[in-house]
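A closer look at the structure
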Amino acid sequence: MGYRTLLRDHRGLLGICFLAMFTSSLGQSFFIGLFQAPISERLGLTAGQFGSAYALVTLISGFAVLRLGPSIDWIAPRRFALLVLAALVTGVALLTLAPWWGLGLLGLGLVRFCGQGMMTHLGNTLAGREFVAMRGRALGLTSMGIMLGETLLPPVVAALLVILGWRELWWLFGLLLAGCWIPLLLRTTWPQAPGQRPARGQPRSGPRPFRDVRFWRLLPLLMTLPITMTGLFIYQAAMTRDLGSTLGMYALALTGMGLAKLPGALLGGRWVDRLGPVRLARLYLLPYALALLIAIAFGGHLGVWALMVGGGLAMGSQESIATSLLVRIWGSEHLGTVRATLSAAMVFATGLAPAFLGVFLDLGAHFSLILAGMLGFLVAGWALAQGVLASPEARGE
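Conventions used here
- Residues numbered from 1 in each chain as written.
- Predicted model: local features only at pLDDT ≥ 70, side-chain atom pairs only at ≥ 80, totals over all residues.
- Heavy atoms only, no water.
- Helix = DSSP H or I, 4+ residues; strand = E, 2+ residues; numbered from the N terminus.
- Rg over C-alpha atoms; globule rule 2.2 N^0.38 Å.
- Buried < 20%, exposed > 50% of the residue type's maximum accessible area, 1.4 Å probe, protein only.
- Axes fitted to C-alpha atoms, helices over the stretch in contact; angles between N-to-C directions.
- Parallel < 35°, antiparallel > 145°, perpendicular 65-115°, else oblique.
- Contact = heavy atoms within 4.5 Å.
- Nonpolar A, V, L, I, M, F, W, Y, C, P; charged D, E, K, R; others polar.
- Patch = residues over 30% accessible without salt bridge, like charges linked within 9 Å, V, L, I, M, F, W, Y side chains within 5 Å.
- Areas by Shrake-Rupley, 256 points an atom, 1.4 Å probe, with all protein chains shown as cover.
- Salt bridge = Lys/Arg side-chain N within 4 Å of Asp/Glu carboxyl O.
- Phe/Tyr/Trp six-rings, centres within 6.5 Å; stacked < 30°, edge-to-face > 60°.
- Core = buried A, V, L, I, M, F, W, Y, C linked by side-chain atoms within 4.5 Å.
- Expected span 1.5 Å × (residues − 1).
- Bend = angle between axes of the 7 residues up to and from the residue.
- Disulfide = S-S within 2.5 Å.

So, the overall build of the protein
For the protein, the helix and strand inventory stands at 18 helices and zero strands. The C-alpha atoms of the protein give a radius of gyration of 21 Å, which matches the 21 Å a tight globule of 397 residues would have. The dimensions of the protein, computed from C-alpha atoms along their principal axes, are 55 × 55 × 45 Å. Burial status across the protein gives 53% buried among its 397 residues.

Dropping the structure here:
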């Protein structure tokens, strides 16, 4: 079965997963960053204060995903989606209409939590749980929802801001997304939750990833891309300066990264189904490792393009590999719990990584040295995960 057959036979469920990932764009950093100046002005915050507040609400949303994300294992997915959509709409309303900065920050936190957090969690969990033989392909198609948002929304926002205010633009996107969700909520057949809600006062059944050494050994491998790419995005000025490139070339390379994500997602999904997630988990970071070596050795425009394209290829395939690997080890019935734990860990790490790298830059470290540290982290994470990848659970025995 190829992608065409998958789309024909499961377009309803794939539409839900894809739209969930696209809707998550409202809470993603790339989208909120487009409105940083007007949001800061409305809330009465300086750029530095906005950055601190943004980091705070991001960390709080990570804790919230850790606490509430596992509920998708026992709450019916349609109801789960309705609750998340209602909270997202509330967040947009508070962010754009609240007369007090505290309520505005609450709205920003809800947008982050429901967009980047729960919508992404909904799309990936449903795709990973409901598909078996075609899980890799389904996850690859689902991840394209975020890619579409990253590619389509920035130029659309730039064009519409000429004729609309930033608040009206948020309301317009909200109405358009609602128009897409209503048919799926009313007419599409939704799957059922695989488990039952834990009884009050009784401990939750299922895996406890933070108490499982296998999870901790896999975590550095799966967090390599989010942590290091966040550092490259945040410190793009220092990177281009030290490598001998320009911000203009970096902007062009970002387009290359977006284009590279597409074959990464489609080929990665197909290869997960054919070769298995364990074999792909050992190989998918290879393009990024080569990109780091090229950037360290040669620098310049070539180094910047290598980092963006190599990172894009790996990022495109990561979700299908990571989710399939979690299902292989911990089972699909507990995927919501394990994915929520992984998502929360990534949020915490990506929130702290810029501060950690900033210390080294303040100490005068050349960016090539930071890239070498990233490569060392990648190799260490790969080596640490090998014991888990070779275990009988990971091999499906």
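So much for the structure itself; the text now carries on.
So, the environment of leucine 152
Looking at where leucine 152 falls in the secondary structure, it is placed in helix α8 (residues 135-160). When the C-alpha positions of leucine 152 and phenylalanine 367 are compared, they lie 31 Å apart, and in sequence the two are 215 residues distant.

Side note on the packing of helix α6 (residues 77-97) against helix α9 (residues 166-187)
Axis angle and axis distance: for two packed helices, these are the angle between their axes and the distance between the axes, and together they describe the pair. Here α6 crosses α9 at 170°, and the two axes come no closer than 11 Å. With respect to each other, α6 and α9 are oriented roughly antiparallel. Contacts between α6 and α9 pair Arg78, Leu82, Leu85, Val92, Leu95, Thr96 and Leu97 from the former with Trp166, Arg167, Trp170, Trp171, Trp181, Leu184, Leu185 and Leu186 from the latter. Broken down by class, the residue content of the contact of α6 with α9 amounts to twelve nonpolar, one polar and two charged.

A word on a nonpolar patch on the surface
On the surface, Trp100, Trp101, Leu103 and Leu106 cluster together into a nonpolar patch covering about 430 Å² of accessible area. Structurally, leucine 106 is set in helix α7 (residues 101-130).

Comments concerning the pattern of salt bridges
Where charged atoms of side chains with opposite charge meet at close range, the side chains can pair. If you walk through the whole model with that rule in mind, you get seven salt bridges. As a salt-bridge pair, glutamate 130 and arginine 129 come within 3.6 Å of each other at their nearest N and O atoms. Accessibility expressed as a relative area gives 30% for glutamate 130, which makes it partly exposed. Relative accessible area serves as the criterion here: at 7%, arginine 129 is assigned to the buried category. Measuring nitrogen to oxygen at the nearest pair gives 3.1 Å for the salt bridge that ties aspartate 273 to arginine 137. Of the two residues, aspartate 273 is situated in helix α12 (residues 247-275) and arginine 137 in helix α8; the sequence distance between them amounts to 136 residues.

Some remarks on the environment of isoleucine 370
Structurally, isoleucine 370 is set in helix α17 (residues 367-389). It is 9.4 Å that separates the C-alpha atoms of isoleucine 370 and methionine 239, two residues lying 131 residues apart in sequence. If near-sequence neighbours (up to four positions away) are discounted, isoleucine 370 is found in contact with Leu357, Phe360 and Leu361.

Observations concerning the packing of aromatic side chains
Taken as a whole and judged by the stated rule, the model has nine aromatic pairs. For the ring pair phenylalanine 31 and tryptophan 170, a centre distance of 5.1 Å and an interplane angle of 70° mean the geometry is edge-to-face. Of this pair, phenylalanine 31 sits in helix α3 (residues 29-33) while tryptophan 170 is found in helix α9, placing the two residues 139 residues apart along the sequence. Accessibility assignment for this pair places phenylalanine 31 and tryptophan 170 in one class, buried. The interplanar angle of 80° and the centroid separation of 6.4 Å between the aromatic rings of phenylalanine 215 and tryptophan 216 together place this pair among those described as edge-to-face. Of the residues examined, phenylalanine 215 reaches a relative accessible area of 3% and is grouped as buried. Every member of this aromatic cluster is reached through a ring pair, and the members are Phe31, Phe35, Trp170 and Phe173.

Thoughts on the nonpolar core
Generally speaking, soluble globular proteins have nonpolar side chains that are buried together. In terms of nonpolar packing, the biggest core is built from 58 residues, with Leu122, Trp170 and Trp181 touching the most fellow members. Top contributing element to this core by residue count: α7, with ten residues. One finds Leu307, Ile321, Ala322 and Leu378 within the second-largest nonpolar core, a separate group that totals 56 residues.

What to know about helix α15 (residues 300-330)
Given a rise of 1.5 Å per residue, 31 residues ought to cover 45 Å, and the 44 Å separating the end C-alpha atoms of α15 matches this to within 8%. Of all the bends in α15, the greatest measures close to 40° and is centred on glutamine 318. Counting buried positions over the 31 residues of α15 gives 24, a clear majority of the element. One or two residues past the end of α15 sits glycine 331, with phi positive at roughly 90°.

Notes on the state of the cysteines
As enumerated under the stated definition, the model contains zero disulfides in all. Of all cysteine sulfurs, the one in cysteine 180 lies closest to cysteine 17, which takes part in no disulfide; the gap is 15 Å. With a relative accessible area of 41%, cysteine 180 lands in the partly exposed category.

Digging into the environment of glycine 364
You can see glycine 364 is positioned in the loop between α16 (335-362) and α17. Separated by 298 residues in the primary sequence, glycine 364 and leucine 66 place their C-alpha atoms 36 Å from one another.

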